[in-house]
Amino acid sequence: MIYIKRIFVFIMFILGLAGLLVGSSYIFLPKSNGLNSGMEEFKANGILGEKENSIDVLFLGDSEIYCSVIPLQIWQSSGYTSYVCGTSGQTLDYTEVMLKRTFEKQSPKIVVMETNAIYRKFTVKNVIFTKVSDYFSVFRYHNRWKTMSIDEINKPAEYTFTDESKGYRLKTGIKPAVKDNSYMSPTDKILPIEKINRQSVERIKKLCDENGAKLIFFSTPSTKNWNYMRHNGIEALAKELKCEYIDLNLLTKEVPVDWKNDTVDKGDHMNYFGAKKVTSYLSEYLENTGLLADKRNDSDYKTWNEAAEEFNKNCPNKI
Amino acid sequence: MFSIATYFSVEALLLLLVTVALYVCLPQKARRYVLLISSYVFFFSISGKLLVFLLFSTLSVHHIGLWLSDVQNECSIRTKGLEREERKALNAEYNKKQRKIMAFACILHIGLLLLLKYTPFFSQNINALFGLLGLQLRIPVPKFLIPIGISFYTLQAVAYLFDVYRKKIPADRNLLRLALFMSFFPQIMEGPICRYSDTAEALYEAPKMHYGNFVLGSQRMLFGLMKKLVIADRLNLLIQNVYGEPNKYDGFVIALGAVGYTFQLYADFSGTMDLVIGTAQMFGIKLPENFKRPFFSATISEFWKRWHITLGTWFKDYIFFPVSMSKPMKKLTTKARKKLGNRYGPLIAGSVSLFCVWFCNGLWHGAGWNYIFFGMYHFVLILSGNIIEPVVIKITQKLKINRSAFPYRCVQIVRTFILVCFGEMFFRQESLKQGFKMFGKIFTDFTFKTLKDGLLFEFGMDRQDYLIIIVSAVLLFIIGILQEKGIEIRASIAKRNIAVQFAVYYALILFIVVFGAYGAGYVPLDPIYAGF
Amino acid sequence: MDERLLEILEDINPEVDFESCTTLIDDHLLDSLSIISLVAEIEEEFDITIPTVEIIPENFNSAEKLWEMITRLSEED
């Protein structure tokens, strides 16, 4: 009898705790998706504020992607809408989160995944934390106690923020790379991909298939992060999953990166000038897929033209 | 894939849950194996193959213990019925043999610890010496992987052997019991350093899990989690900044860093101890306490009886008294007492032993001049405290100050706290030179300008962070006062009705969930003592 | 109980009532240095040797326990 009572008490305790966590999650959930509302990774999550089913191409990855792909340049040259959901140091579990969030409101035809994140180590712990935070967002947003005001507690969440450069982060500094193209000296060796990372990529592929999106792997130029062993690893993975794979580190003719001028931090990330070259290649690539339609003259997408104009003003020289 | 960085990890929690579930379900005889297997899984998940070091130490301790016991038995059989003189001669012979065995055991265990932990340090310093002498000679600086907890379990092993040697305990024939004593997973990483006579029997018995123990243990674990997540991790950025580039900051910020680090160290270490002792309590096993409200200490020597207690008593039992009671030291004491009187007579032998203790204490924390300095700092403080004590008594008597009155004690407590903070500052700052620079800056470059220009909130902690730290400090202070008064807080909560209990637990959990320094923008602190 | 022992103890710490106190070590009334003194005094006064093994709280917590140890050691020797 005493055991039954104790088990009952224990279950009550857990239920009460779950209730409390749900309640506090509601309180701590950002009421909009901008920086001031306390949204995590607000630039990437600006996609939540975009109009429903308005994004054609989704870019995922870590800082490599948000430094090298300029959605508004793609818009101006091809008329496709795209968004960069890149976050610094992104691990695949968060890539999955971003992808799921996007598919809830958007139906991009193409999803481009930067490959540096595929090799980034993450642990079961990361996954569990991400999963738990999906259900109880108090774990993700608890630090908002510092900035919250009383009257926003009861407001329903409404995502209205959109990022003015669609997730791209403008970097105009120049620090020449130490290594030049020799960082891609050929080898047969393959850098193996951790099992947990692989499984995550497989889930991403499945999610894209289910939502009718084509998944493309993409390696942006980086002397610091990329080499031939990694190329081989991703190429093998792409073959297995039947995905296309673009490695700009090998396409030096198509995308002639000038390592003296096109990198912001000695070959790690592209600066604006490097990003322009990368983006114009991607733009052309997307055109060649024949999957997307030019929307520049569509009046529903007027805001994109305005955003592009605004963006051009902030750039060192016009596109 | 299963790897544990700290006790404060999801993996460790999973292991604990599995262990608890098995422990509850299985009969008594199987429970001890559950504990042993969990302990080895825990060790393996942190240190991998280095588990062989623990196994080696366990086997060797088992064997040497039996060896000592055989010698002792043989001695007592052979001396039976002998005349006093003969008996004495034979005893001496056997004692010599035992001492040889002990010397061998010490070389083996402490030697291994020294080899793994200190070779890089010694070889670096020898190379530096060669350099000073103008020699081209250099010896290689090796880098070893160090099995987790080796500093802690080695001390347990040595204590066990000394206790057998001194006939305080009989040698254990049961390898399983010894293995459990050496490896029990909650305490393997950061102590408390246990004695065989304290825990071995209880671990082997693996008592039934009681609801009461389960509740009290989980309460304590929660409280430990609070200290670690809310306080220690939150202070991390500030501490990293101040100690990383101390030249950038003025004396006020450095003093803040010194106090902050002392508080962080306390929150981290005592929080971990709450978790460890709470876990053990869940299984019905009582581990020795490591902390007793150290910041209420009136003197440095009292502080060390309240901070990392098990290390202090280890040094006292196995270094201080053996050294001060050795024959030459005893002779010295007798002589000195005749000349210097009862007060200062024993101080000579005492200070020699005290020096040994604090040198070892410093070195035990790590191979670095900062740690050795830390040890010497406390040696000097404790020794000078002893020397001037009679003078202080005289002065206070003349001035008619009541030494046991509350205000006097408060002054003492504040003074002791400040001295401790200085010590911990040198302890944290890897470079001794930087440490002295920081020390100097506190006195020469002390301004309140960061308070006025708001820069205080620029290097790691913002206004709200400071607020939470202060609130938590007040909370710990109140709990500390209640504990000093002998109130058993956890037991009295557990006695209340279920609604009150739930409310307290929920409040604590929510406090941790909301005010814990985890997630974006925070870097969790690696458990400090696991590195020693 | 031996008067000589009580004298030695009072000489070391006059503020303690050694006849009734049973927590000399546990309450830190005898610190490590006092123990060194105490052992030296006792060894001289009673002509015995106190080995390190005997330096444990159980033997030093009260005057009575101390006296027990002293008598035991003088018989053994």
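The model shown is predicted, which means the values in this text are computed figures rather than measured ones.

The rules behind each value
- Once a new chain begins, its residue numbering starts again from 1 and follows that chain's sequence as written.
- All chains are assigned letters beginning at A, and all ligands numbers beginning at 1, according to the order in which they are written.
- Whole-chain, interface and lining totals are the exception, using all residues; otherwise, since this is a predicted model, local features are given only for residues with pLDDT of at least 70 and side-chain atom pairs are given and counted only at 80 or more.
- Hydrogens are left out, water is left out, and the side-chain values use all remaining heavy atoms of the structure.
- What we call a nonpolar core is a set of buried Ala, Val, Leu, Ile, Met, Phe, Trp, Tyr and Cys residues that are connected through their side-chain atoms within 4.5 Å.
- The buried label goes to any residue with under 20% of its type's maximum accessible area, the exposed label to any with over 50%, and the partly exposed label to all in between, with areas taken from a 1.4 Å probe on protein chains only.
- Secondary structure follows DSSP: runs of H or I at least 4 residues long count as helices, runs of E at least 2 residues long count as strands, and numbering of each begins at the N terminus.
- By the convention used here, residues are in contact when the closest approach between their heavy atoms is within 4.5 Å.
- The term buried area denotes the loss of accessible surface (1.4 Å probe radius) that occurs when two parts are joined, taken as the sum for both partners.
- By convention in these notes, a salt bridge is any Lys or Arg side-chain nitrogen within 4 Å of a carboxyl oxygen on Asp or Glu.
- Polar contacts, as counted here, are pairs of nitrogen or oxygen atoms within 3.5 Å of one another; within protein the pair requires one atom able to donate a hydrogen and one able to accept it, and residues that are adjacent in sequence qualify only if both atoms are side-chain atoms.
- Gly is placed with the polar residues, together with every amino acid not listed as nonpolar (Ala, Val, Leu, Ile, Met, Phe, Trp, Tyr, Cys and Pro) or charged (Asp, Glu, Lys and Arg).
- The quantity called pLDDT is the predictor's confidence in a given residue, expressed from 0 to 100.
- To estimate how far a helix should extend, the number of its residues minus one is multiplied by 1.5 Å.
- An automatic or database domain assignment provides the domain bounds reported here.
- By definition, two strands form a pair when at least two bridges between them are found by DSSP.
- Helix axes use the C-alpha atoms of the stretch in contact, all axes being lines fitted to C-alpha atoms, and the angles between their N-to-C directions lie in the range 0 to 180 degrees.
- Without a salt bridge and with relative accessible area above 30%, a residue can belong to a patch; like charges are then joined within 9 Å and nonpolar side chains (Val, Leu, Ile, Met, Phe, Trp, Tyr) within 5 Å.
- Here the Shrake-Rupley method, with its probe set to 1.4 Å, supplies the accessible areas, and only the displayed protein chains count as covering residues.
- We treat Lys and Arg as the positive residues and Asp and Glu as the negative residues; His and chain ends play no part in the count.
- By convention, the charge on Lys lies at NZ, on Arg at CZ, on Asp at CG and on Glu at CD.
- Angles are sorted into four bins: roughly parallel if under 35 degrees, roughly antiparallel if over 145, roughly perpendicular if 65 to 115, and oblique for all others.
- Here a pair means two rings of Phe, Tyr or Trp (six-membered ring of Trp) with centres within 6.5 Å. Their orientation is stacked below 30 degrees between planes, edge-to-face above 60, and tilted elsewhere.
- Each ring is checked for a lysine NZ or an arginine CZ that lies within 6 Å of its centre and within 35 degrees of its normal; such an atom marks a charge sitting over the ring.

Chemist: Just to check I follow, could you spell out the nonpolar core for this structure?
Modeler: Nonpolar side chains in soluble globular proteins tend to be buried together. Counting residues in hydrophobic clusters, the biggest one holds 268 residues, and the most contacted among them are Phe217 of chain A, Tyr160, Phe283 and Tyr529 of chain B together with Ile42 of chain C. Tallying contributions element by element places helix H10 (residues 251-282) of chain B first for this core, with 17 residues. Among all residues touching tyrosine 160 of chain B, those that are not within four sequence positions of it are Val61, Gly65, Ile169, Ala171, Asp172, Leu178, Phe181 and Tyr196 of chain B.

Chemist: Explanation requested: the interface of chain A and chain B in the structure shown.
Modeler: In many analyses, interface size is given as the accessible surface area lost on bringing the parts together. Across the boundary between the two partners, chain A contributes 23 residues, which contact 25 residues of chain B. When the two sides are added together, the surface that chain A and chain B hide from each other amounts to roughly 2200 Å², 74% of it contributed by carbon and sulfur. On inspection of chain A and its partner chain B, the count reaches 2 salt bridges. One can count 10 residue pairs in polar contact (both at pLDDT 80 or more) joining chain A with chain B. Elements supplying a minimum of two residues to the side of chain A that touches chain B: helix H1 (2-28), helix H6 (124-135) and helix H7 (138-141) of chain A. Residues of the side of chain A that touches chain B, tallied by class, amount to 16 nonpolar, 4 polar and 3 charged.

Chemist: Explain the confidence of the model for chain B to me, please; I cannot follow it from the model alone.
Modeler: Note that predicted coordinates carrying low pLDDT should not be read in detail. Averaged over all residues, the pLDDT of chain B is 88; the fraction at 70 or higher stands at 98%. Within chain B, helix H6 (residues 175-183) of chain B carries the highest mean pLDDT (94), whereas helix H17 (residues 449-453) of chain B carries the lowest (79).

Chemist: How should I be thinking about the interface of chain C and chain B in this particular structure?
Modeler: Listed per partner, the contact involves 21 residues of chain C and 21 residues of chain B. For the pair chain C and chain B, the summed buried surface comes to about 1900 Å²; carbon and sulfur atoms form 61% of the total. If you sort the residues of chain C by the area they bury against chain B, Leu33, Ile36 and Thr52 of chain C come out on top, with a joint share of 29%. Our count for the chain C to chain B interface comes out at 1 salt bridge. A salt bridge links glutamate 43 of chain C to lysine 330 of chain B, with the nearest nitrogen and oxygen atoms 2.6 Å apart. On the surface where chain C and chain B come into contact, there are 2 residue pairs in polar contact (both at pLDDT 80 or more).

Chemist: Looking at this structure, how should I read helix H10 (residues 272-289) of chain A?
Modeler: Helical geometry note: an α-helix holds 3.6 residues per turn, so side chains three or four residues apart project in the same direction. All names here are of chain A. Compared with the 26 Å implied by 1.5 Å per residue over 18 residues, the 25 Å span of H10 between its first and last C-alpha is a close match. Those residues of H10 lying buried are Tyr272, Gly274, Ala275, Val278, Thr279, Tyr281, Leu282, Ser283, Tyr285 and Leu286. Check the buried side of H10 and you find it contacts strand S1 (57-61), helix H2 (63-68), helix H3 (71-78), strand S3 (110-114), strand S4 (214-219) and strand S5 (244-247). One side-chain oxygen at the N-terminal end of H10 lies 3.1 Å from the backbone nitrogen of phenylalanine 273; it belongs to asparagine 271. Looking one or two places after H10, you find glycine 290, whose phi comes out positive at around 70 degrees.

Chemist: Mind showing me how you'd approach the domain arrangement of chain B here?
Modeler: All names here are of chain B. Taken domain by domain, chain B comprises domain 1 (10-208), domain 2 (209-287 + 431-532) and domain 3 (296-430). Each partner contributes residues to the interface: domain 1 has 24 residues there, and domain 2 has 21 residues. Overall, the association of domain 1 and domain 2 removes approximately 1800 Å² of surface from exposure, summing both partners, and the carbon and sulfur fraction of that is 76%. Together, Pro186, Glu190 and Lys208 form the three largest contributors to the area buried by domain 1 at its contact with domain 2, with a combined 31%. Where domain 1 touches domain 2, the interface holds 2 residue pairs in polar contact (both at pLDDT 80 or more). Elements with a contribution of two residues or more to the side of domain 1 that touches domain 2: helix H1 (10-25), helix H5 (150-165), helix H7 (185-188) and helix H8 (196-205). Here the side of domain 1 that touches domain 2 takes 5 residues from H1, the largest share from any one element. Among the residues making up the side of domain 1 that touches domain 2, the classes are represented as 16 nonpolar, 5 polar and 3 charged.

Chemist: Any chance you could explain the sheet that holds S5 of chain A here in plain terms?
Modeler: In a beta sheet, neighbouring strands pair by backbone hydrogen bonds and run either parallel or antiparallel. All names here are of chain A. Read across the open sheet, the 5 strands follow the order S2-S1-S3-S4-S5; overall the sheet is parallel. Edge positions in the sheet fall to strand S2 (82-86) and S5, since each has one partner strand and no second. In this sheet, neighbouring strand axes are inclined to one another by 20 degrees on average, regardless of whether the strands run parallel or antiparallel. Across 4 bridges, S1 lies against S3 in parallel orientation. Pairing of phenylalanine 59 across the sheet is with valine 112, part of S3. Here helix H9 (residues 228-241) sits on the sheet and contacts S4 and S5; the angle it forms with S5, its principal contact strand, is near 160 degrees. Sheet strands in contact with H10 are S1, S3, S4 and S5, and its direction is about 155 degrees off that of S5.

Chemist: In this structure, what is going on with a positive patch on the surface? I would like to understand it.
Modeler: Residues and elements named next belong to chain B. On the surface, a cluster of positive charge is contributed by Lys96, Arg99, Lys100, Lys327, Lys331, Lys335 and Lys339. Secondary structure elements with two or more residues in the positive patch: helix H4 (84-132) and helix H13 (327-365). The greatest single-element share of the positive patch, amounting to 4 residues, is contributed by H13. If you trace the backbone, lysine 339 turns up in helix H13. In this structure lysine 339 comes out as exposed when scored by relative accessible area, which is 76%.

Chemist: Where do I start with the packing of H1 of chain B against helix H2 (residues 28-47) of chain B in this structure?
Modeler: All names here are of chain B. Where H1 meets H2, the closest approach of the two axes is 9 Å, and the angle between their N-to-C directions is 170 degrees. Taken together, the axes of H1 and H2 are roughly antiparallel relative to one another. Contact with H1, carried on its side by Leu15, Thr19, Leu22 and Tyr23, involves Arg31, Val34, Leu35, Ser38, Val41 and Phe42 of H2 and no other residues of that element. In terms of residue class, the contact of H1 with H2 is made up of 7 nonpolar, 2 polar and 1 charged.

Chemist: Would you take a moment to explain the packing of aromatic side chains for this structure?
Modeler: Centre-to-centre distance and the angle between the planes together describe a pair of aromatic rings. Considering all chains together, one arrives at 62 aromatic pairs over all chains under this definition. Here the aromatic rings of phenylalanine 502 of chain B and tyrosine 506 of chain B are separated by 5.7 Å at their centres, their planes lie at 65 degrees, and the arrangement is edge-to-face. Separated by 4 residues within a single helix, phenylalanine 502 of chain B and tyrosine 506 of chain B lie in helix H20 (residues 498-515), roughly one turn from each other. A single burial state applies to phenylalanine 502 of chain B and to tyrosine 506 of chain B, both of which are buried. Looking at lysine 166 of chain A, its charged tip hangs above the ring of tryptophan 304 of chain A, at a distance of 4.3 Å from the centre. Lying across the ring of tryptophan 364 of chain B, lysine 117 of chain B places its NZ or CZ 5.4 Å from the centre.

Chemist: Looking at this structure, how should I read the arrangement of the chains?
Modeler: Contact analysis covers 2 pairs of chains in contact, and the most contacts occur between chains A and B. Note that chain A does not reach chain C: the shortest distance linking a C-alpha of one to a C-alpha of the other is 39 Å.

Chemist: Help me understand a negative patch on the surface, please; the structure alone is not making it clear to me.
Modeler: Residue and element names in this part refer to chain C. Negative charge collects at one region of the surface, where Glu3, Glu7, Glu10, Asp11, Asp17 and Glu19 lie side by side. Among the secondary structure elements, glutamate 19 is positioned in the loop between helix H1 (3-12) and helix H2 (32-46). A relative accessible area of 62% places glutamate 19 in the exposed class.

Chemist: Which parts of the structure should I look at to understand a nonpolar patch on the surface?
Modeler: A cluster of nonpolar side chains, contributed by Ile2, Tyr3, Ile7, Phe8, Ile11, Met12 and Leu15 of chain A, occupies part of the molecular surface with about 750 Å² of accessible area. Assignment of secondary structure puts tyrosine 3 of chain A in helix H1.

Chemist: Please explain the side chain of asparagine 197 of chain A as it appears in this structure.
Modeler: Residue and element names in this part refer to chain A. If you trace the backbone, asparagine 197 turns up in helix H8 (residues 195-210). Taking relative accessible area as the criterion, asparagine 197 reaches 1% and is therefore assigned buried. Aside from chain neighbours lying at most four places away, what touches asparagine 197 is Leu92, Ala117, Ile118, Tyr119, Arg120 and Phe122.

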